[in-house]
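Close look at the chain arrangement
So the chains spell out like this:
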Amino acid sequence: MRVTQSMISNNSLRNLSSSYERIGKLLEQNSTGKKITRPSDDPVVAMKGMFYRSNLTEIEQYKRNLSELYLWMENSEAGIEQANQGLHRIRELVIQGKNGTLNEEDRESVAREIEQIKKDLVNVANTQVAGRYIFHGTDTKNPPVSNPDDPVVAGNLNDPKIDNYMVEVSQGVSLKANVNPDQVFNQELFDTVQDIQKALESDNPEELDQLLGRLDNVMDTVTAERSELGARYNRLEMVDDRLFQQEVTATRILSDNEDVDMEKVITDLKTQESVHRAALAVGARIIQPTLMDFLR
């Protein structure tokens with residue numbers, strides 16, 4: 001085959017153009033840190049990237065769900081702790097009120113303190129987090145207790161249907177965020193406290209022995225629910241640790257799939273620049289001589 005000057009020139013220009021394209025791609029990888037910038041660069045990497053990114057987004061959403069659970073459980077724990085302290089104080093006052101040395105005025109003072117603790121228990125029962133009542137199960141828009149002077153709990157407090165405020169923490173796995181409304185701030189708790197107050201106001205310490213037993217039962221119920229909440233909180237922390245590990249793994253896999261090896265890219269870029277300069281130098285010598293070249 002006869003090789004002409006135009007063939008040599010065209011091949012040289014085509015190779016130079018390809019060299020420019022390779023340099024451009026390496027420069028793009030160097031500036032973006034990614035192997036590809038469009039799916040056509042490598043469809044396999046692009047498809048895997050979509051899958052890995054979707055997995056990472058899912059994990060991030062579950063972590064946001066965990067924040068919701070932490071918010072509910074930690075505020076529930078704080079509320080139960082405050083209620084527990086109030087009940088313990090009431091128990092101390094009941095034992096004090098049973099003392100025969102107290103006169104009617106002293107018992108009236110004890111009754112007034114119990115009344116204030118009762119109102120505080122109502123406030124705790126009606127605790128709101130982000131505008132939602134956390135001690136009323138799934139019925140978060142309505143307060144669980146009304147009338148602080150003579151507390152009355154909501155009629156649906158013992159309905160099992162509202163005792164399941166569930167939050168999804170992984171694929172097909174949900175955790176309960178709320179405490180059982182009927183096991184903490186139930187009608188028996190407020191009735192017992194109210195009866196203790198009335199017994200002291202009416203100067204009738206004989207009833208306090210029976211009321212003390214009722215109060216102990218109420219406190220045992222609250223403590224049991226608090227223990228159940230603590231067990232769920234421990235599981236929540238375990239799920240949090242697992243999601244953290246999954247996030248680290250998913251991020252690493254995504255990086256391995258999409259991110260470039262920067263050292264290799266820089267080395268390849270320098271090599272390609274050297275090749276391109278050599279090609280330019282050689283290409284400059286294939287230009288056909290003119291008459292003036294021979295006259296010199």
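Residues numbered from 1 in each chain as written. Predicted model: local features only at pLDDT ≥ 70, side-chain atom pairs only at ≥ 80, totals over all residues. Heavy atoms only, no water.

**Brief notes about the nonpolar core**
We count it as follows: Here, nonpolar core means buried Ala, Val, Leu, Ile, Met, Phe, Trp, Tyr and Cys residues that are tied together by side-chain atoms lying within 4.5 Å of each other. Note on classification: 1.4 Å probe, protein chains only; a residue is buried when its accessible area is under 20% of the maximum for its type, exposed when over 50%, partly exposed between these limits. Helix and strand definitions here come from DSSP, where helices need a minimum of 4 consecutive H or I residues and strands a minimum of 2 consecutive E residues; each element is numbered from the N-terminal end. The contact definition used throughout considers only heavy atoms, calling two residues in contact when any of these lie within 4.5 Å.
In this structure, L69, L87, I90, L121, F190 and I196 are the most contacted members of the largest nonpolar core, which totals 55 residues. At the level of secondary structure, the elements contributing two or more residues to this core comprise α2 (43-97), α3 (104-125), β5 (166-170), α5 (187-201) and α6 (208-258). If you tally residues by element for this core, the top one is α2, at 14 residues. Here I90 is in contact with I117, L121, V193, I196 and L215, once residues within four sequence places are set aside.

**Quick look at the environment of V260**
Looking at where V260 falls in the secondary structure, it is placed in the loop between α6 and α7 (262-283). Classification of V260 by relative accessible area gives buried; the value is 16%. Distance in space between the C-alpha atoms of V260 and R38 is 14 Å, their sequence separation being 222 residues.

**Quick word on the packing of aromatic side chains**
Centre-to-centre distance and the angle between the planes together describe a pair of aromatic rings. We apply this condition: Each pair of aromatic rings taken from Phe, Tyr and Trp, with Trp reduced to its six-membered ring, is defined by centres within 6.5 Å and is described as stacked if the planes are under 30 degrees apart, edge-to-face if over 60, and tilted in the remaining cases.
Taken as a whole and judged by the stated rule, the model has four aromatic pairs. Taking the centre distance of 4.2 Å and the plane angle of 20° together, the rings of W72 and Y165 count as stacked. In this pair, W72 sits in helix α2 while Y165 sits in the loop between β4 (152-153) and β5, placing the two residues 93 residues apart along the sequence. A single burial state applies to W72 and to Y165, both of which are buried.

**Looking at the pattern of salt bridges**
Inclusion rule: Salt bridges, as used here, are contacts in which a Lys or Arg side-chain nitrogen is within 4 Å of a carboxyl oxygen on Asp or Glu.
Counted under the stated rule, the structure contains 17 salt bridges. Ionic pairing is found between R226 and E81, a salt bridge with its closest N-O pair at 2.5 Å. Residue R226 is found in helix α6, and its partner E81 is found in helix α2; the two are separated by 145 residues along the sequence. Under the relative-accessibility criterion, R226 is labelled partly exposed at 22%. In this structure E81 comes out as partly exposed when scored by relative accessible area, which is 27%. A cluster of three or more residues bridged by salt bridges with shared partners is formed by E108, R112, E115 and E201.

**Things to note about the pairing of strand β6 (residues 173-176)**
Put simply, the test is: A pair of strands is treated as paired once DSSP finds two or more bridges between them.
Sheet analysis places β5 next to β6, joined by four bridges and oriented antiparallel. Looking across to β6, one finds that S170 is bridged to V173. Between β5 and the antiparallel strand that follows it, β6, lie two residues; G172 among them carries a positive phi value of about 80°.

**Brief notes about the environment of L280**
By the element assignment, L280 lies in helix α7. By relative accessible area, L280 is classed as partly exposed at 39%. C-alpha of L280 to C-alpha of V179: the two residues are 101 residues apart in sequence and 77 Å apart in space.

**A word on α7**
As a reminder, the rule being used: How far a helix is expected to stretch is found by multiplying one less than its residue total by 1.5 Å. Relevant arc is that of directions from the helix axis to the C-beta atoms, nothing else.
Here α7 contains 22 residues, and its C-alpha end-to-end distance of 31 Å stays within 8% of the 32 Å for a straight helix at 1.5 Å per residue. Considered for burial, the residues of α7 that qualify are V265, L269, Q272, H276 and G283. Seen along its axis, α7 keeps its buried residues to an arc of 70°; they face one direction. Residues of α7 that are exposed and point more than 90 degrees away from the buried face comprise E263, K270, R277 and V282.

**Description of the packing of α2 against α6**
For the record, the criterion: Lines fitted to the C-alpha atoms define the axes, with helices restricted to the stretch that makes contact. Angles between their N-to-C directions range from 0 to 180 degrees. The cut-offs work like this: below 35 degrees is roughly parallel, past 145 is roughly antiparallel, 65 to 115 is roughly perpendicular, and the gaps in between are oblique. Helix crossings get a hand from a simple test, with the near helix turned counterclockwise from the far one by less than a right angle marking a left-handed crossing and a clockwise turn marking a right-handed one. Each residue gets one of three labels, nonpolar for Ala, Val, Leu, Ile, Met, Phe, Trp, Tyr, Cys and Pro, charged for Asp, Glu, Lys and Arg, and polar for the others, Gly among them.
With their axes 7 Å apart at the nearest point, α2 and α6 run at an angle of 160° to one another. On the basis of their axis angle, the class for α2 and α6 is roughly antiparallel. Our pair here, α2 against α6, has a crossing hand that is left-handed. Of the residues that constitute the contact of α2 with α6, the class distribution is 28 nonpolar, 10 polar and 15 charged.

**Considerations on unusual backbone geometry**
One non-glycine residue, A130, adopts positive backbone phi at about 55°. Take A130: it is sitting in the loop between β1 (128-129) and β2 (132-133). Using a relative accessible area of 66% as the deciding quantity, one classes A130 as exposed. Even without being glycine, N147 reaches a positive phi, approximately 60°. Summarising the element assignment, N147 is placed in the loop between β3 (145-146) and β4. For N147, a relative accessible area of 40% corresponds to the partly exposed category.

**Things to note about α5**
Here α5 is 15 residues long and its end C-alpha atoms lie 21 Å apart, about the 21 Å a rise of 1.5 Å per residue gives. Buried within α5 we find L189, F190, T192, V193, Q194, I196, Q197, A199 and L200. Summarising the contacts, the buried residues of α5 are in contact with α2, α3, β3, β4, α4 (181-184) and α6.

**A look at the side chain of D163**
Using the following cut-off: A 3.5 Å cut-off defines polar contacts: any pair of N or O atoms within that distance qualifies, except that in protein one atom must be a possible hydrogen donor and the other a possible acceptor, and neighbouring residues in sequence count only when both atoms are side-chain atoms.
With respect to the helices and strands, the residue D163 is situated in the loop between β4 and β5. A relative accessible area of 14% places D163 in the buried class. Polar contacts involving the side chain of D163 include one to the side chain of K176, which spans 2.9 Å.

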